[in-house]
Amino acid sequence: MPAASHPAQIPAQLPRVVVLATGGTIAGSAGSAASSAHYQAATVPVGALLQAVPPLQGVARVEAEQVAQIDSKDMSFALWSALAARIAYWTAQPDVAGIVITHGTDTLEETAMFLHLTQPCPIPVVLTAAMRPSTSLSADGPLNLLDAVRVAAHADARGKGVLVVINQQIHAGRDATKAHTSAVNAFVSPSGGPLGFVQDDYVRFQRAPLPAIAPLPVPSAWPMVEIVGSYAEPSRVVVDALAAAGVRGIVVAAAGNGSVHEVLGGALADAARQGVAVVRASRTGAGHVALPASARAAVGGFLSALDLNPYKARVLLLLLLAADPSLGADPVRLQARLAAF
Ligand code: ASP
């Protein structure tokens, strides 16, 4: 049974936690405190964000690094690589208890997936964010930041891999996804729910994440992997153009349990015959896409991303193809790898 951490249990020497800031709405500001929809993301430096949360001083010795200052809609492979390098640096410092990453909510689920797949996480790596800018009434960023540091410093968070702490909930980085445009409870874990919660200084894990996996390498060269949607009356133009452009993998945001329109399916089958890895993820937002019924069906090129949404499935396919380009021509082995994470 996980223990609660009460103030009396905080050691005299507080744990050291490093905050890596990347921007987002948590660092956003608006002209008017009443505005939570019209504002500029990524304007407030991390030092000012920390100063706005005085209770942090009772939780951890916090140090901060401004790794980037962007709206996360503009996330890049270069920034993912930079984050991985800073995590490696700080993890190697003997007395760092945990790492917090402040991030925009828009693509947080992709960065969380990238870090889940690439980081060994001997110490907790915790992403946090905010739905309202720092200047708004009832800004959610300060509490989210405090809770993220509480989790990063907590012994029970060790061995749980990459975590997302937001709106008092603790999610697995693999599972967390943004499911609302503006509500502060925008993040959900559709497959199994959150791992736990934070209530003031009480950090409680109620379930374990999936078992840890051997990390995939951070690519030095990133293959082209794109997402296309299946919907009423699609054309094959996008898939044909991607194949002509040298795409290595296509994730289909498929209907329901992985259904693909016959027109799009024809184009994808042609791409698969040219060696493009084709993976179906569901556009529904929850549930597993059934595995191909047989190895023969898998060889047809229509693999399953299981419960990963199209954006998370794309990150996995990117990293798998970067690590082993031959997987694109081996759907049976690729399906096994997709199912392992
Ligand atoms: N556009 C912002 C971002 O992702 C939204 C947010 O952080 O809530 O950086």
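It should be emphasised that the depicted structure is a prediction, and the values quoted were computed from it without experimental measurement.

Engineer: Looking at this structure, I do not really get the UniProt feature "binding site: substrate" (unreviewed entry) in the protein chain. What am I missing?
Structural biologist: Mapped onto the present numbering, the UniProt feature "binding site: substrate" (unreviewed entry) falls at S72, T105 and D106. A maximum C-alpha distance of 7.1 Å places the annotated residues, which cover 35 residues in sequence, within one compact spot. Along the chain, T105 turns up in the loop between strand 3 (96-102) and helix 3 (108-118). T105 gets classed as buried once you look at its relative accessible area, which sits at 5%. Those residues in contact with T105 that lie beyond four places of it in its chain are S72, A129, A130, M131, I166, K178 and F187. Note on placement: D106 falls in the loop between strand 3 and helix 3. If we ignore the near neighbours within four places in the chain, the residues touching D106 are D71, S72, K73 and K178.

Engineer: Would you mind showing me how to read unusual backbone geometry here?
Structural biologist: Negative phi is the rule for most residues except glycine; trans is the rule for most peptide bonds. One non-glycine residue, A42, adopts positive backbone phi at about 60°. Turning to its location among the elements, A42 is positioned in the loop between strand 1 (16-23) and helix 1 (46-51). The exposure class assigned to A42 is buried, which follows from its relative accessible area of 12%. Even without glycine at this site, N167 takes up a positive phi of about 55°.

Engineer: I tried to follow the pairing of strand 13 (residues 277-282) on my own but got confused; where do I start?
Structural biologist: Side-chain direction in a regular strand flips from residue to residue, so the side chains alternate between the two faces of the sheet. Judged by how many residues are buried, strand 13 sits mostly within the fold: 6 of 6 residues are covered. Across the two faces of strand 13 the burial is the same, with A277, V279 and A281 and V278, R280 and S282 all buried. With 6 bridges joining them, strand 12 (residues 249-254) and strand 13 adopt parallel strand pairing. Looking across to strand 13, one finds that G249 is bridged to A277. For the segment spanning strand 12, helix 6 (residues 262-273) and strand 13, crossover handedness is right-handed.

Engineer: Can you walk me through the packing of helix 3 against helix 8 (residues 310-323) in this structure?
Structural biologist: It is the contact of helix 3 with helix 8, at a shortest axis distance of 9 Å, that shows an interaxial angle of 35°. In this structure, helix 3 crosses over helix 8, and the sense of that crossing is right-handed. Across from E109, E110, M113, F114, L117 and T118 in helix 3, the residues of helix 8 making contact are Y311, K312, R314, V315, L316 and L319. For the contact of helix 3 with helix 8, the class distribution of residues is 7 nonpolar, 1 polar and 4 charged.

Engineer: Before we go on, may I ask you to explain the layout of surface pockets in this structure?
Structural biologist: To find leftover empty space, one rolls a probe the size of a water molecule over the atoms. Quantified by volume, the largest pocket comes out at close to 430 Å³. Around the largest pocket, the lining is made up of 24 residues, and of these H116, P209, L210, P211 and A212 lie nearest the centre. Counted by class, the lining of the largest pocket contains 11 nonpolar, 8 polar and 5 charged residues. Considering only enclosed or pocket space, the second largest pocket measures out at about 320 Å³ in volume. Lining the second largest pocket are 21 residues, and of these T177, P190, G285, N309 and P310 lie nearest its centre. Those elements that place two or more of their residues in the lining of the second largest pocket are strand 7 (177-178) and helix 8. Looking at the lining of the second largest pocket, the element that brings in the most residues is helix 8, giving 3 residues. Per-class residue counts for the lining of the second largest pocket are 8 nonpolar, 6 polar and 7 charged.

Engineer: What should I look at first to understand the site of the ligand in this one?
Structural biologist: Near the ligand, the surroundings consist of G24, T25, Y39, D71, S72, G104, T105, D106 and A130. Here T105 contributes a side-chain N or O atom positioned 2.4 Å from an oxygen atom of the ligand. Between the ligand and D106 there is a distance of 2.7 Å, counted from a nitrogen atom to a side-chain nitrogen or oxygen. Class assignment of the residues belonging to the shell around the ligand gives a composition of 2 nonpolar, 5 polar and 2 charged.

Engineer: How should I be thinking about the environment of N309 in this particular structure?
Structural biologist: Here N309 shows up in the loop between strand 14 (303-304) and helix 8. N309 sits 26 residues away from R283 along the chain, and the two C-alpha atoms are 7.0 Å apart. If near-sequence neighbours (up to four positions away) are discounted, N309 is found in contact with E109, T177 and A281. A polar contact of 2.8 Å, which involves the side chain of N309, links it to the side chain of E109. A polar contact of 2.8 Å, which involves the side chain of N309, links it to the backbone nitrogen of K312.

Rules used in this analysis
- Residues numbered from 1 in each chain as written.
- Predicted model: local features only at pLDDT ≥ 70, side-chain atom pairs only at ≥ 80, totals over all residues.
- Heavy atoms only, no water.
- UniProt positions renumbered as here; feature names shortened; annotations may be inferred.
- Helix = DSSP H or I, 4+ residues; strand = E, 2+ residues; numbered from the N terminus.
- Buried < 20%, exposed > 50% of the residue type's maximum accessible area, 1.4 Å probe, protein only.
- Contact = heavy atoms within 4.5 Å.
- Pairing = 2+ DSSP bridges.
- Right-handed = clockwise from strand over helix to strand, strands pointing away.
- Axes fitted to C-alpha atoms, helices over the stretch in contact; angles between N-to-C directions.
- Left-handed = near helix turned anticlockwise from the far one by under 90°.
- Nonpolar A, V, L, I, M, F, W, Y, C, P; charged D, E, K, R; others polar.
- 1 Å grid on protein atoms, 1.4 Å probe; cavity = no way out; pocket = protein on both sides within 12 Å on 5 of 7 lines; lining within 4 Å.
- Points joined across faces, edges and corners; volume = space filled by probe spheres on them.
- Near = heavy atom within 4 Å.
- Polar contact = N/O pair within 3.5 Å; in protein donor to acceptor, adjacent residues only side chain to side chain.

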